[in-house]
Amino acid sequence: MDAVIVLLGGDGIGPDVTKAARQVMQSVADSYGHRFSFKEELMGGAAIDATGDPLPAATIASCEASDAVLLGAVGGPRWSDPNAAVRPEQGLLRLRSLLGVYANIRPVKIYSELAGASPLRPEILEGVDLLVVRELTGGIYFGEKTRSETSASDVCTYHSHEIERIVRVAARLAAGRRKKLCSVDKANVLETSRLWREVTDRLMAAEFADIELETLLVDAAAMHLLSRPASFDVIVTENMFGDILTDEASMLAGSMGMLPSASLGDSARGLYEPIHGSAPDIADRGIANPCAAIASAALLLRHSLGLEQEATAIESAIESAINAGARTADIVATGEDPISTDEMTDAVIRGLH
Ligand code: IPM
Ligand code: MG
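Remember, it's a predicted structure, so these values are computed and weren't measured experimentally.

Before going further, it helps to spend a moment on the overall build of the chain. A count of helices and strands for the chain gives twelve helices and twelve strands. Expressed as a percentage of the 353 residues in the chain, the buried residues total 52%. Each charge class in the chain was averaged separately, 31 positive and 50 negative side chains, and the resulting centres sit 3 Å apart.

Put into structure tokens, the structure is as follows:
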């Protein structure tokens, strides 16, 4: 097949891991007879430096004309001045909103060989296979903000149609898995959460009666995620809770460097990004773990291009590389030498063949 894929390297380790994902996708294209044309565009801090805008019009135009977008990471200390008029992260939020990708899917897969990289005991990690579905284009991230010398506010709004569509996505995913959905809110305090719970209960009873629904308050969910992670199948939650809980969940897998994400809307075009950030402390050193970006490329092939076999091949290749002992610095055992981003990428490409 022919496909146009936009690559937004962004900042910090973003360009390195995006390059790795591109090499893996190219290798898949060569072996399976596809033609992917890659278009690189500016995004985030790099785009602010070049154009003054974290999401330049040319980038938007390319993304809108593409089949899928793969993003590295945005942000860094260079652009973190609290008084700055523009920030890299604003570009990312605008892009998510413009592409209408309201459903952010973050699978948490444990590689058994990496159990030692997690701070949790191996017996707690046994059988962990969960998916967090995070609402991505609403809530406090997008509400009105005010600021004076001595006070500030961020408004959190949810409409029932936004809750319905994200819960449907999550419930459909649960239907194809272990048929368990956990909805996370803060209904004992927040009005938006009370609406979230009401809409979720109603929709699940009407459309997904065969899916077991559990409801947790977010503080309790944060605890249960560590005490009984294997009991979760699909978790659905609002934008900010999902942001926080997925960083926490990444520690089940041992490193943020392993976890991909897919952001989807009503069309096939999606935005794919590792859940990790730009890691400015290790930028430009060629040592970042590219696995999350490569696994995000697998999700891109699966969800936007419908290439299930190729996606599975990439996921198996990551697993074979890990099983063969390939370890970047974030997942290496104490006393052993880590390999570079390029070496890890080569190990995955070898696993493909
Ligand atoms: C994420 C990131 C972003 C978010 C930042 C960079 C704006 O933390 O994708 O999880 O909060 O959504
Ligand atoms: Mg985050």
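This part covers the packing of aromatic side chains. All told, the structure shown has two aromatic pairs when counted by the stated rule. Between Phe36 and Phe38, the aromatic rings sit 6.4 Å apart at their centres with planes inclined by 80 degrees, giving edge-to-face as the arrangement. Just as Phe36 is buried, Phe38 falls in that class too. Between the aromatic rings of Tyr158 and Trp196, the centroid separation amounts to 5.5 Å while the plane-to-plane angle is 75 degrees, which identifies the pairing as edge-to-face. Within this pair, whereas Tyr158 is found in the loop between β7 (152-154) and α6 (160-175), its partner Trp196 is found in helix α7 (residues 191-207), the two being separated by 38 residues in sequence. Accessibility assignment for this pair places Tyr158 and Trp196 in one class, buried.

As a further point, take empty space enclosed by the protein. Considering all chains together, one arrives at one cavity of 30 Å³ or more under this definition. Here the largest cavity defines a volume of roughly 40 Å³. Considering the residues around the largest cavity, the lining is formed by Tyr158, Val184, Asp185, Thr192, Ser193, Trp196, Glu238 and Phe241. At the level of secondary structure, the elements contributing two or more residues to the lining of the largest cavity comprise β8 (180-185) and α7. Here the lining of the largest cavity takes three residues from α7, the largest share from any one element. Of the residues that constitute the lining of the largest cavity, the class distribution is four nonpolar, two polar and two charged.

In helix packing, the relevant descriptors are the interaxial angle and the interaxial distance, both defined with respect to the helix axes. Taken N-terminus to C-terminus, the directions of helix α11 (residues 308-323) and helix α12 (residues 341-352) make an angle of 120 degrees; their axes are 8 Å apart at the nearest point. Considered as vectors, α11 and α12 are oriented oblique to each other. Crossing angle aside, the handedness with which α11 passes α12 is right-handed. Contact residues: α11 offers Ala313, Ile314, Ala317, Ile318, Ser320, Ala321 and Ile322, while α12 offers Met344, Ala347, Val348, Gly351 and Leu352.

Along the chain, Ser263 turns up in strand β11 (residues 262-264). Reaching out from Ser263, the side chain makes a polar contact with the side chain of Asn104 at a distance of 3.1 Å. Other than its neighbours up to four places away in sequence, Ser263 contacts Val101, Ala103, Asn104, Leu136, Gly270, Leu271 and Glu273.

On to the site of ligand 1, then. In the neighbourhood of ligand 1, the contacting residues comprise Glu89, Arg96, Arg106, Arg134, Tyr141 and Asp243. Side-chain polar atom of Arg96 to an oxygen atom of ligand 1: 2.7 Å apart, as the coordinates give it. Asp243 places a side-chain nitrogen or oxygen 2.9 Å from an oxygen atom of ligand 1. Relative to its unbound accessible surface of 320 Å², ligand 1 loses 78% to contact with the protein. Among the residues making up the shell around ligand 1, the classes are represented as one nonpolar, no polar and five charged.

The next subject is the domain arrangement of the chain. For interface size, the figure often reported is the accessible area lost on association. Domain boundaries assigned for the chain yield domain 1 (1-102 + 258-353) and domain 2 (119-252). The distance between the C-alpha centroids of domain 1 and domain 2 comes to 24 Å. Taken residue by residue, the interface counts eight residues in domain 1 and twelve residues in domain 2. Its largest share of buried area at the contact with domain 2, domain 1 owes to Leu93, Arg96 and Tyr102, together 64% of the area lost on that side.

This part takes up the packing of helix α8 (residues 218-227) against helix α9 (residues 239-250). Packing of α8 against α9 brings their axes to within 10 Å, and their N-to-C directions diverge by 15 degrees. With respect to each other, α8 and α9 are oriented roughly parallel. Regarding α8 and α9, the two cross each other, and that crossing is right-handed. Where α8 abuts α9, its residues Val218, Ala221, Ala222, Leu225 and Leu226 lie against Phe241, Leu245, Glu248 and Ala249. Looking at the contact of α8 with α9 residue by residue, the classes come out as eight nonpolar, no polar and one charged.

Moving on: the layout of surface pockets. Size it by volume and the largest pocket reaches roughly 980 Å³. Together, 32 residues line the largest pocket, and Arg87, Glu89, Gln90, Leu93 and Tyr141 are the ones closest to its centre. Put simply, the parts of the chain that give the lining of the largest pocket at least two residues each are β3 (68-73), α4 (88-99), β6 (145-147), β7 and α9. Here the element with the most residues in the lining of the largest pocket is α4; it accounts for five residues. In the lining of the largest pocket, the residues fall into 13 nonpolar, seven polar and twelve charged. When residues are assigned to domains, the lining of the largest pocket turns out to be shared by domain 1 (1-102 + 258-353) and domain 2 (119-252), each giving three or more. Within this model, the second largest pocket holds a volume of roughly 460 Å³.

Let us now look at helix α10 (residues 291-303). Given 3.6 residues per turn, any residue in an α-helix points the same way as the ones three and four places further on. Helix length check: α10, at 13 residues, gives a terminal C-alpha distance of 18 Å against a target of 18 Å (1.5 Å per residue), a fit within 8%. Restricting attention to buried positions, one finds in α10 the residues Cys291, Ala292, Ala293, Ile294, Ala295, Ser296, Ala297, Ala298, Leu299, Leu300 and Leu301.

What counts, and where the lines are drawn
- Residues numbered from 1 in each chain as written.
- Chains lettered and ligands numbered in written order.
- Predicted model: local features only at pLDDT ≥ 70, side-chain atom pairs only at ≥ 80, totals over all residues.
- Heavy atoms only, no water.
- Helix = DSSP H or I, 4+ residues; strand = E, 2+ residues; numbered from the N terminus.
- Buried < 20%, exposed > 50% of the residue type's maximum accessible area, 1.4 Å probe, protein only.
- Lys, Arg positive; Asp, Glu negative; His and termini not counted.
- Charge placed at Lys NZ, Arg CZ, Asp CG, Glu CD.
- Phe/Tyr/Trp six-rings, centres within 6.5 Å; stacked < 30°, edge-to-face > 60°.
- 1 Å grid on protein atoms, 1.4 Å probe; cavity = no way out; pocket = protein on both sides within 12 Å on 5 of 7 lines; lining within 4 Å.
- Points joined across faces, edges and corners; volume = space filled by probe spheres on them.
- Nonpolar A, V, L, I, M, F, W, Y, C, P; charged D, E, K, R; others polar.
- Axes fitted to C-alpha atoms, helices over the stretch in contact; angles between N-to-C directions.
- Parallel < 35°, antiparallel > 145°, perpendicular 65-115°, else oblique.
- Left-handed = near helix turned anticlockwise from the far one by under 90°.
- Contact = heavy atoms within 4.5 Å.
- Polar contact = N/O pair within 3.5 Å; in protein donor to acceptor, adjacent residues only side chain to side chain.
- Near = heavy atom within 4 Å.
- Areas by Shrake-Rupley, 256 points an atom, 1.4 Å probe, with all protein chains shown as cover.
- Domains from an automatic or database assignment.
- Buried area = accessible area lost by both parts, 1.4 Å probe.
- Expected span 1.5 Å × (residues − 1).

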